[in-house]
Amino acid sequence: MSTEKPPLASGLARTRSEQLYETLAAAIKSPFGSMDANGVPATAPASIGGGRETLSRKSSRRLMMSASPGRSGGAGTHIRKSRSAQLKLELEEVSSGAALSRASSASLGLSFSFTGFAMPPEEISDSKPFSDDEMIPEDNEAGNKKPRFQAEPTLPIFLKFKEVTYKVSIRKLMTSAPVDKEILSGINGSVSPGEVLALMGPSGSGKTTLLSLLGGRISQSASGGSVTYNDKPYSKYLKSKIGFVTQDDVLFPHLTVKETLTYAARLRLPKTLTREQKEQRAIEVIQELGLERCQDTMIGGAFVRGVSGGERKRVSIGNEIIINPSLLLLDEPTSGLDSTTALRTIQMLHDIAEAGKTVITTIHQPSSRLFHRFDKLILLGRGNLLYFGKSSEALVYFSSIGCSPLITMNPAEFLLDLANGNINDISVPSELEDRVQVGNSGREPQTGKPSPAAVHEYLVEAYETRVAEQEKKKLSDPVPLDEEAKAKVLRLKRQWGASWWEQYCILFSRGLKERRHEYFSWLRVTQVLSTAVILGLLWWQSDIRTPRGLQDQAGLLFFIAVFWGFFPVFTAIFAFPQERAMLNKERAADMYRLSAYFLARTTSDLPLDFILPSLFLLVVYFMTGLRLSPYPFFLSMLTVFLCIIASQGLGLAIGAILMDLKKATTLASVTVMTFMLAGGFFVKKVPVFISWIRYLSFNYHTYKLLLKVQYKDFAQSINGMRIDNGLTEVVALVAMIFGYRLLAYLSLRQMKITT
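Residues numbered from 1 in each chain as written. Predicted model: local features only at pLDDT ≥ 70, side-chain atom pairs only at ≥ 80, totals over all residues. Heavy atoms only, no water.

- As annotated in an unreviewed UniProt entry, the chain carries the name ABC transporter domain-containing protein and comes from Brassica campestris.
- Database annotation for the chain, UniProt heading Sequence similarities (unreviewed entry): "Belongs to the ABC transporter superfamily. ABCG family. Eye pigment precursor importer (TC 3.A.1.204) subfamily."
- Recorded under Subcellular location (unreviewed entry), the UniProt text for the chain is reproduced unchanged: "Membrane". (UniProt positions renumbered as here; feature names shortened; annotations may be inferred.)

### Description of the overall build of the chain
Here's step 1: In terms of helices and strands, the chain carries 27 helices and 13 strands.
Here's step 2: Relative to its full complement of 755 residues, the chain shows a buried share of 52%.
Here's step 3: Sequence-distant contacts, at least 24 apart, represent 74% of the contacts inside the chain between residues at least 6 apart.
Here's step 4: With an accessible surface of roughly 35000 Å², the chain has 57% of that area assigned to carbon and sulfur atoms. (Helix = DSSP H or I, 4+ residues; strand = E, 2+ residues; numbered from the N terminus. Buried < 20%, exposed > 50% of the residue type's maximum accessible area, 1.4 Å probe, protein only. Contact = heavy atoms within 4.5 Å. Areas by Shrake-Rupley, 256 points an atom, 1.4 Å probe, with all protein chains shown as cover.)

### Thoughts on the packing of aromatic side chains
Here's step 1: Summed over all chains, the structure comprises 32 aromatic pairs.
Here's step 2: With a centroid separation of 5.7 Å and an interplanar angle of 80 degrees, the aromatic rings of Trp-564 and Phe-567 are classed as edge-to-face. Here Trp-564 and its partner Phe-567 are both found in helix 19 (residues 547–572), three residues apart, which amounts to about one turn of the helix.
Here's step 3: A relative accessible area of 3% places Trp-564 in the buried class.
Here's step 4: A network of ring pairs unites the aromatic residues Tyr-387, Tyr-397, Phe-398, Phe-414 and Tyr-463 as a single cluster. (Phe/Tyr/Trp six-rings, centres within 6.5 Å; stacked < 30°, edge-to-face > 60°.)

### Describing a nonpolar patch on the surface
Here's step 1: Residues Phe-520, Ile-611, Leu-615, Leu-618, Phe-622 and Leu-628 make up a contiguous nonpolar surface patch of roughly 550 Å² in combined accessible area.
Here's step 2: If you trace the backbone, Ile-611 turns up in helix 23 (residues 606–623).
Here's step 3: Looking at Ile-611, the relative accessible area reads 38%, which means it is partly exposed. (Patch = residues over 30% accessible without salt bridge, like charges linked within 9 Å, V, L, I, M, F, W, Y side chains within 5 Å. Salt bridge = Lys/Arg side-chain N within 4 Å of Asp/Glu carboxyl O.)

### Points about the UniProt feature "transmembrane region" (unreviewed entry) in the chain
Here's step 1: The feature "transmembrane region" (unreviewed entry), as given by UniProt, occupies residues 554–577, 598–622, 634–658, 665–683 and 730–748 in the numbering adopted here.
Here's step 2: End C-alpha atoms of residues 598–622 are separated by 37 Å, and the span's content is 92% helix alongside 0% strand.
Here's step 3: Annotated as residues 730–748, this span is 100% helix and 0% strand, and its ends, taken at the C-alpha atoms, are 28 Å apart.

### Things to note about the side chain of Glu-332
Here's step 1: Following the sequence through the fold, Glu-332 ends up in the loop between strand 8 (327–331) and helix 10 (339–354).
Here's step 2: Of the buried charged residues, Glu-332 lacks a salt bridge, with Lys-207 as the closest side chain of opposite charge at 4.2 Å.
Here's step 3: Only 2.8 Å separates the side chain of Glu-332 from the side chain of Ser-335, close enough to count as a polar contact.
Here's step 4: Excluding residues within four positions of it along the chain, Glu-332 makes contact with Lys-207, Gln-247, Lys-313, Thr-362 and His-364. (Lys, Arg positive; Asp, Glu negative; His and termini not counted. Polar contact = N/O pair within 3.5 Å; in protein donor to acceptor, adjacent residues only side chain to side chain.)

### Quick word on helix 18 (residues 522–538)
Here's step 1: Compared with an ideal rise of 1.5 Å per residue, which puts 17 residues at 24 Å, helix 18 spans 24 Å between its outermost C-alpha atoms and is within 8% of the ideal.
Here's step 2: Looking only at helix 18, the buried set comprises Arg-524, Val-528, Thr-531, Ala-532, Leu-535 and Gly-536. What you see down the axis of helix 18 is that its buried residues fit within an arc of 135 degrees, all on one side. The outward face of helix 18, more than 90 degrees from its buried face, is lined by the exposed residues Trp-522, Leu-523, Leu-537 and Leu-538.
Here's step 3: Taken together, the buried residues of helix 18 touch helix 17 (500–519), helix 19 and helix 23. (Expected span 1.5 Å × (residues − 1). Arc of directions from axis to C-beta.)

### Re the layout of surface pockets
Here's step 1: What the largest pocket holds in volume is close to 1000 Å³.
Here's step 2: Surrounding the largest pocket, 34 residues form its lining, Pro-253, His-254, Glu-514, Glu-518 and Gln-578 being those nearest its centre.
Here's step 3: The set of elements that each furnish at least two residues to the lining of the largest pocket consists of helix 17, helix 18, helix 19, helix 20 (575–578) and helix 21 (580–588). (1 Å grid on protein atoms, 1.4 Å probe; cavity = no way out; pocket = protein on both sides within 12 Å on 5 of 7 lines; lining within 4 Å. Points joined across faces, edges and corners; volume = space filled by probe spheres on them.)

### Some points on the packing of helix 17 against helix 23
Here's step 1: In the contact formed by helix 17 and helix 23, the axes pass within 9 Å of each other and the chain directions differ by 30 degrees. Relative to helix 23, the element helix 17 lies roughly parallel. Here helix 17 contributes Phe-508, Leu-512, Arg-515, Arg-516 and Tyr-519 to the contact with helix 23, which in turn contributes Pro-607, Leu-608, Asp-609 and Leu-612.
Here's step 2: Looking at the contact of helix 17 with helix 23, its residues break down into six nonpolar, no polar and three charged. (Axes fitted to C-alpha atoms, helices over the stretch in contact; angles between N-to-C directions. Parallel < 35°, antiparallel > 145°, perpendicular 65-115°, else oblique. Nonpolar A, V, L, I, M, F, W, Y, C, P; charged D, E, K, R; others polar.)

### Quick look at the pattern of salt bridges
Here's step 1: Following the criterion strictly, the structure yields 20 salt bridges and no others.
Here's step 2: Close ionic contact of Glu-195 with Lys-376 constitutes a salt bridge, the shortest N to O distance being 3.4 Å. Of this pair, Glu-195 sits in the loop between strand 4 (179–191) and strand 5 (196–200) while Lys-376 sits in strand 10 (residues 376–381), and the two are 181 residues apart along the sequence.
Here's step 3: Sharing partners across several salt bridges, the network here consists of Arg-515, Glu-579, Arg-601 and Asp-605.

### A few points about unusual backbone geometry
Here's step 1: With a phi angle near 65 degrees, Asp-425 is a residue other than glycine that sits in the positive phi range.
Here's step 2: Note on placement: Asp-425 falls in the loop between helix 13 (411–419) and helix 14 (430–439).
Here's step 3: On the accessibility criterion, Asp-425 (38% relative accessible area) is partly exposed.
Here's step 4: Positive phi, normally seen in glycine, also occurs at Met-659, with a value near 55 degrees.
Here's step 5: For Met-659, the location among the structural elements is in the loop between helix 24 (630–658) and helix 25 (661–677).
Here's step 6: Here Met-659 falls in the buried class, since its relative accessible area comes to 12%.

### Some thoughts on the pairing of strand 7 (residues 242–245)
Here's step 1: Across the two faces of strand 7 the burial is the same, with Ile-242 and Phe-244 and Gly-243 and Val-245 all buried.
Here's step 2: Where strand 7 meets strand 8, four bridges bridge the pair, whose relative direction is parallel. Each residue of the ladder has a partner; that of Ile-242, found in strand 8, is Leu-327. (Pairing = 2+ DSSP bridges.)

### A closer look at the environment of Ser-339
Here's step 1: Tracing the chain through its elements places Ser-339 in helix 10.
Here's step 2: Assessed through its relative accessible area of 46%, Ser-339 is described here as partly exposed.
Here's step 3: Ser-339 sits 28 residues away from Ser-367 along the chain, and the two C-alpha atoms are 7.5 Å apart.

### A closer look at the packing of helix 17 against helix 22 (residues 594–603)
Here's step 1: Running from amino to carboxyl end, helix 17 crosses helix 22 at an angle of 35 degrees, the nearest separation of the two axes being 8 Å. Helix 17 and helix 22 meet at a crossing whose hand is right-handed. Between helix 17 and helix 22, the contacting residues are Trp-500, Gln-503, Tyr-504, Leu-507, Phe-508 and Arg-515 on the first element and Ser-595, Ala-596, Tyr-597, Leu-599, Ala-600, Arg-601 and Thr-603 on the second.
Here's step 2: Residues that form the contact of helix 17 with helix 22 fall into these classes: eight nonpolar, three polar and two charged. (Left-handed = near helix turned anticlockwise from the far one by under 90°.)

### Considerations on the environment of Thr-154
Here's step 1: Tracing the backbone shows Thr-154 in the loop between helix 5 (121–124) and strand 3 (159–170).
Here's step 2: Spatially, the C-alpha atom of Thr-154 lies 10.0 Å from that of Leu-327, the residues being 173 residues apart in sequence.

Put into structure tokens, the structure is as follows:
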């Protein structure tokens, strides 16, 4: 291996260059050194002339890439990151002032076309002086360890979309006819395994709609064009191969990070894996995402302290990559994150793509460092395609049509200004200026510049005439896969990760862990026990041997029937509306059957629902002097449990039908009040035409059962109610338990899955 020193200049620069060369030579010879892609050390690190003592930016980048961890072509050896940082510092000291200025501009992600310096397109990606790894800031949340995503075997997906359109019908007035509004118009693009495609554009430009269409989350009836996966149309089989991360982190707040990912693994990974293998996969994802430090911390939410925003976003991504998806789609994964965490998140997406995955993400306004990390870019404006191609060539393209920034600015900010039609601090193309002057319209009266509508029309037309046809021809090229690999996307068989019983058990356990904090909050426990104590004091050792005492105790039994009919209803109406986002997300990913979820959701509440009523009855029963024998006590408790389950079914049905908390609360208030008034305590003689209401009232049947349990051997009738065996009331309550729940289930079946 030749180690001949290059010619150097004189003075301090010569000394520092010699030191740098010796350091690099020693690094290459050392057992921890790395070679470049060809297995040889990098070429001369400096191109130093007589009057220019500067390093070539491209050579220095290659040099640093050969010394950077993860970029080595050798057999698993590399120079440590600390040494890379030291070499970077020495390299900067060698450079002259002019070279340092240019290198600083490049490291900030600024294009030289801003100042009029023409730079070839192939040089733009090499304009950063050091390796990408050196520009990754230290992530305080995930530690210094860079995540490594193993290239697990998966079906490669080449995604293409041609002339994609999407319209929605909007009815402005109740009487007017619906008007079609075009959200997307003629969008073309493609992305291959190993690439990260960014969808950029201002708010309302159609980014999320396009992402949902590509992920199969929107019905194809309202869309046009073609979206193909390995040259095949979308099929339900692809649900298990597509990961979709929504903009909002939809997670259970009371579960820990480890529990969240473990439940996802047990539900989504194939049946062929054992439970231990699925749980091990969850641990591996935690390590890949750098979440070891917070794996036992609750996710948290609006009222619960938990992990940070960056960690929560990584958990959302982990929920999807745990299935080893071939295609990963993310909706604004950097929203609400600081620049350091956002850069870490985008770098993580790059690592995922390098493992053979296809990654598409929407992004609103990235920093310059984030912008340079995308492989491909789609720029949308008002639903139209303004640019599709390599992100490194976007500025060159817009310069070619006469749109260049007049001042130094973030490339993403420049592109978003163009998409909005804002050309302040941007050169006006002569063709656009001539068009506005000839038409004598489309000009802003205050500034005299072309209007946003005129700028948008020019950009759309420029792309259609200069680039669109070439890109459309590329989309016609077949993907480099054999027919067997292409045919895999046509399998229509739905693949569940677990059997129905396993799904039920997993969801039951998850629901129990999630809601135990809510059920045993100090507020709820205080509410129930304080009510019980007040009742015990007001009805302290009541005597039923007198008519007045009997009437008082009947009032107590009616209050118990009303309280445990009212309380569960207003708890249950929140169940499905609050979990609607989670239900939509998990059903869209085919995580479980709806029947397994519904049964687990309704039965996981039962163990918790029995604890507080039992404490309530223990306090009230003995303080108020009800019949002190085991048989009446346990029958009274069973009666209250039947009332709770029946009223809970009514709350579930109302919540599932309306899926709106305000409307559901209003309807539940009216219904419960009606059932209470028809309960047989306030009104003894009800008109015939409305008397049927009492038979629908669980308060009425519970009140009658409690009277029969307490006074079966004491009196023949109480308050006009005949004392018998109570079989009719039991059958009525059981019918309500199943009838209300069936209504709730059918309502959920009719609910459309939305993104």
